[in-house]
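Listed below are the residues making up each chain.
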Amino acid sequence: MLQEVIASQLRGIVGEKWFRDDRESLITHSYDGTPMLQSLPDGVIYPENTDQVAAILRLLQQYRVPVVSRGSGTNLCGGTVPVEGGVVMVMHRMNRILEVDLENLTATLQPGLNTKTFISHVEGLGLFYPPDPSSMAISTIGGNIAECSGGLRGLKYGTTKDYVIGLEAVLASGEIIRTGGKLMKDVAGYDLTKLLVGSEGTLAVITEATLKLIPPPKSKKTMLAMYKDLYGAARTVSSIIESRIIPATLEFLDNPTIRVVDDFAKLGLPLDMAAILLIEQDGDPETVERDIARIADICRSENAERVSIAADEAEALKLLTARRSAFTALARLRPTTILEDATVPRSKIAEMVLAINEIAARHRVTICTFGHAGDGNLHPTATTDARDAEEIHRVEAAFEDIFEAAIALGGTITGEHGVGLVKAPFLEWKVGTAGIEVMRAIKLAFDPSNILNPGKIFAKSARKRVVLGRG
Amino acid sequence: MIPASPGGTWGELASSLKQSLDYDQLTNCMRCGFCLPACPTFRETGIEAESPRGRIALMKAVADGLMDPDAAFETQMNHCLGCRACEPACPADVKYGQLLEQARSSIEMHTKTHRWWVKTLRKAAFDGMFPHQGRMRLLGGALQLYQRSGLRKLVRGAGLMRLFPAPMREMEAILPDAAYKGVVEQIGAFHPAKGDRIATVGLFRGCIMDVLFTETNKHTVELLNEAGFDVVIPDAQNCCGALHAHSGEQEGAKSLARRNISAFEAAGVDWIVSNAGGCGALLVEYDHLLHDDPQWSGGAAWFAKRAVDVSKLLVEHGLLQASVQTAVPVGTQGAATARVGASDIGSTASSPAGGEVLAADPGRRGSCGGSNGATPPAAAVEMVRITYQDSCHLRNVMRSSDAPRTLMRSVANAEFIELAESDRCCGSAGIYNLTQPEMAGQILDHKMEQVKRTNAYYLLTSNPGCLLQMKLGIEKHGMSGDMQAVHLVDFLHERICVR
């Protein structure tokens, strides 16, 4: 429980209704989208504007009370679980689009805005905001920025960080900073905008963002390539990139994933295939036609059994639905679904897919693999049961091995979900001791009392493991 | 443990919840949050506890002993509309509706906190009224007497309605004319198909439907006959039990279910057809309701497999779409013209033209309700703009949202306009609009904003609760001159049959 002196001041800042410390509020802010994690906060607060955020942080810094800012809590790294208690700051009330600047092609908005609402709004204006995290119907733009969310279009268009060009944020001290702006070029000092994107709520609380918008592609085409040979499918990914074609979407589904997706969505997918690739290209009609024809050739030369090009939008949508329902379908297999996002250079996709299968077999766990293969970002997904401690232990051991394999191939422990709590013990494997030290120093500069989302990114102790080589 | 009041404690509720909540379902919730945008109460408040993920977290916290149930817990469980829009949205297929019923059932056994009139209403409804079709008839008769004898005028004139809480006052004002005689009393229990018989269907007449919407029941029978079905209406059937089940009165729901299963088994029907989404949703889940009753589980499975909404049966098995209609639109004054009178409607055509429209097959029959079998000449039907509010339970539990739309799109001279967010609950939700008037009112206001934008003349629904709520919304928002809420069946009947 918070001391009454703090609680009453928090009520004074936001009003009686918007600070809560009843059991119901604490329980319902003790988790996020990550399986098996739960920790109760001491209070929940819903600020309405930047000044309130500043006042809240000044107060909490004074009393050294931890604060976890969050949107819809859809993240998969435990990033918004209040492991050290304190106050959960829900940004839902700050949800306005402040401006869409049609001369500069930018949008300025508040962090609690729902991502899909925002995307629909700009599409209505004939503009395009490419980051499309699978959670976009639920997630907030602020949460996307804090975690640097990716999605199906990351390969060609980049991820959230490529579209955030200006921020307003409140530091732990309560001071308000502004970074960047409606500027395509800006090298005034360190790039604090980029630093805050993906900082997982540990450096500042984002209260306003300016995003870059682009013109939408004129046309698009979707195709499906089917393989009897898993390695061939994965190798195709590297071959396409090597041929200097960057598709808008290049997704991979392995056989167990194909089976559950089809069982769930009844799409008539080829159940006898070891893997399928879902490929989409967009742009000018001629370029799209040419690229899709070239890609189809590459698929065949890598021994694709069949290549089919969607005849129309309806069929394309069916295929995309298949991919998007992968998570849905896998979630029905067993009670607990642990989805990770090991990422490797695009040339190493094939090796990584084989490594995941070998590791799953060795630890006797079920891991289905799908993901944004085109940007090297795979989602090995364990279907398990949180109540079976022994199995969970094997799952964790398998994921440790998967992270290690990814790093050995020159990859990383997370491509788009963030470090949070779950991958904090592995961060040092990726960035090294000196890397951690620099990061800690940055954290100290922003948040000297360590009140902003404590316990995340930096683990108390790293997993001991010697990483032998880097591919 | 803190005693809630004499005779019941939160501790007892805690242990009862621990026993009744399905722990597998609680574990299946992986907290991904996909349910959040689908949930009407989350949308209205933006508060996590007001979402399915939040409510499941609260149930799990009680089951895990992390939290003792308290008044806030009870309030939160009652705050859910039970619309189950979260279920189609859930990747892990968590049976939220079942969890909610389990929680409410425990709460009902222990609660002491209902407001006096909610308590009175519940007792009267659940024990005294719904289980007894005869009493429902009497209630209908009393209501009819009240409405027609001038008593209503007297009561309203004397301001006596002010004695009742606002939500009940509002409902009284929009209640349609009740009937003392139900569908069987009015038209008998067996109605043969027109032309060749496809199958025999048993009409589930419903209790509220049969008192307040007897005409709709009659129209359902006529449409089904028209589409090639023999219709029987077993008189031994009674209330479906949905209001009981959704309000935590599990035992009441089960005993009603058993009687319905017996009644329809005895009638030997191929289908059991419902015209109320709220009832239908429970009918298709009788197998779940009675799954732990070995004596009845077989019958329940038989029943659940055959239960179907009238729209789905018409679209998938009926023979209505066999013909074309040549009706010419008259009156260009737009959608808000006077409602087309039944006598103006020519449903069956003699000359082929135009595209696929819904009309009875001229070769099969004459008029739906008529007896002479004569084919009336093609007559003009005014073009009318229609829109549709889904019944949540028809959509989310019976998973039928296409069939009503297919029917509406295929009606001649009707322009179907999709209502934005028609998949969102209207706030009626059984007796929710009476027990949770504030949230229900807020949801209804948002609903009516969308309804207004359609500029439709007919607002169609597939469930009596939704229909009453839409009538209330139209009344409250001063739209009664421009729009009417009508049951889909009545609209189809008007357009297809000649009475």
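See the structure above.
Before going into details, it helps to say that this report is about the structure given with it.

Conventions adopted
- Residues numbered from 1 in each chain as written.
- Chains lettered and ligands numbered in written order.
- Predicted model: local features only at pLDDT ≥ 70, side-chain atom pairs only at ≥ 80, totals over all residues.
- Heavy atoms only, no water.
- Pairing = 2+ DSSP bridges.
- Helix = DSSP H or I, 4+ residues; strand = E, 2+ residues; numbered from the N terminus.
- Axes fitted to C-alpha atoms, helices over the stretch in contact; angles between N-to-C directions.
- Phe/Tyr/Trp six-rings, centres within 6.5 Å; stacked < 30°, edge-to-face > 60°.
- Buried < 20%, exposed > 50% of the residue type's maximum accessible area, 1.4 Å probe, protein only.
- Contact = heavy atoms within 4.5 Å.

## Describing the sheet that holds strand β9 (residues 205-212) of chain A
Residue and element names in this part refer to chain A.
Consideration 1: Within the open sheet, the five strands sit side by side as β5-β6-β9-β7-β8. Their pairing is antiparallel. Each edge of the open sheet carries a strand with a single partner, namely β5 (97-101) and β8 (176-180). Strand-to-strand, the axes of this sheet are offset by a mean angle of 10 degrees, without reference to chain direction.
Consideration 2: Bridge count between strand β7 (residues 164-170) and β9: six bridges; the pairing is antiparallel. By the bridge assignment for β9, Ala169 is matched with Ile206.

## Observations regarding the packing of aromatic side chains
Consideration 1: Within the structure shown, the criterion is met by 13 aromatic pairs over all chains.
Consideration 2: The interplanar angle of 65 degrees and the centroid separation of 5.3 Å between the aromatic rings of Tyr458(B) and Phe491(B) together place this pair among those described as edge-to-face. Of the two residues, Tyr458(B) sits in strand β10 (residues 458-461) while Phe491(B) sits in helix α26 (residues 488-496), which places them 33 residues apart along the sequence.
Consideration 3: Looking at Tyr458(B), the relative accessible area reads 1%, which means it is buried.
Consideration 4: Residue Phe491(B) is classed as buried on the basis of its relative accessible area of 1%.
Consideration 5: Of the aromatic side chains, those joined through ring pairs into one cluster are Phe399(A), Phe403(A), Phe426(A) and Trp429(A).

## Overview of the sheet that holds strand β3 (residues 67-70) of chain A
Residues and elements named next belong to chain A.
Consideration 1: Sheet architecture is open: four strands sit in the order β1-β2-β4-β3, paired in mixed fashion. At either margin of the open sheet sits one strand with a lone partner, and together these are β1 (19-20) and β3.
Consideration 2: Taken together, the three bridges between strand β2 (residues 43-45) and strand β4 (residues 87-90) define a ladder with parallel strand orientation. Looking at β4, one finds that Val44 is bridged to Val88.
Consideration 3: Contacts between helix α3 (residues 50-62) and the sheet are confined to β2, β3 and β4, with β4 contributing the most and set at about 170 degrees to the helix.

## Observations concerning the environment of Lys17(A)
Residues and elements named next belong to chain A.
Consideration 1: Of note, Lys17 is situated in the loop between α1 (4-14) and β1.
Consideration 2: You can call Lys17 exposed: its relative accessible area is 54%.
Consideration 3: Taking the C-alpha atoms as reference, Lys17 lies 60 Å from Ile298; in sequence the two are 281 residues apart.

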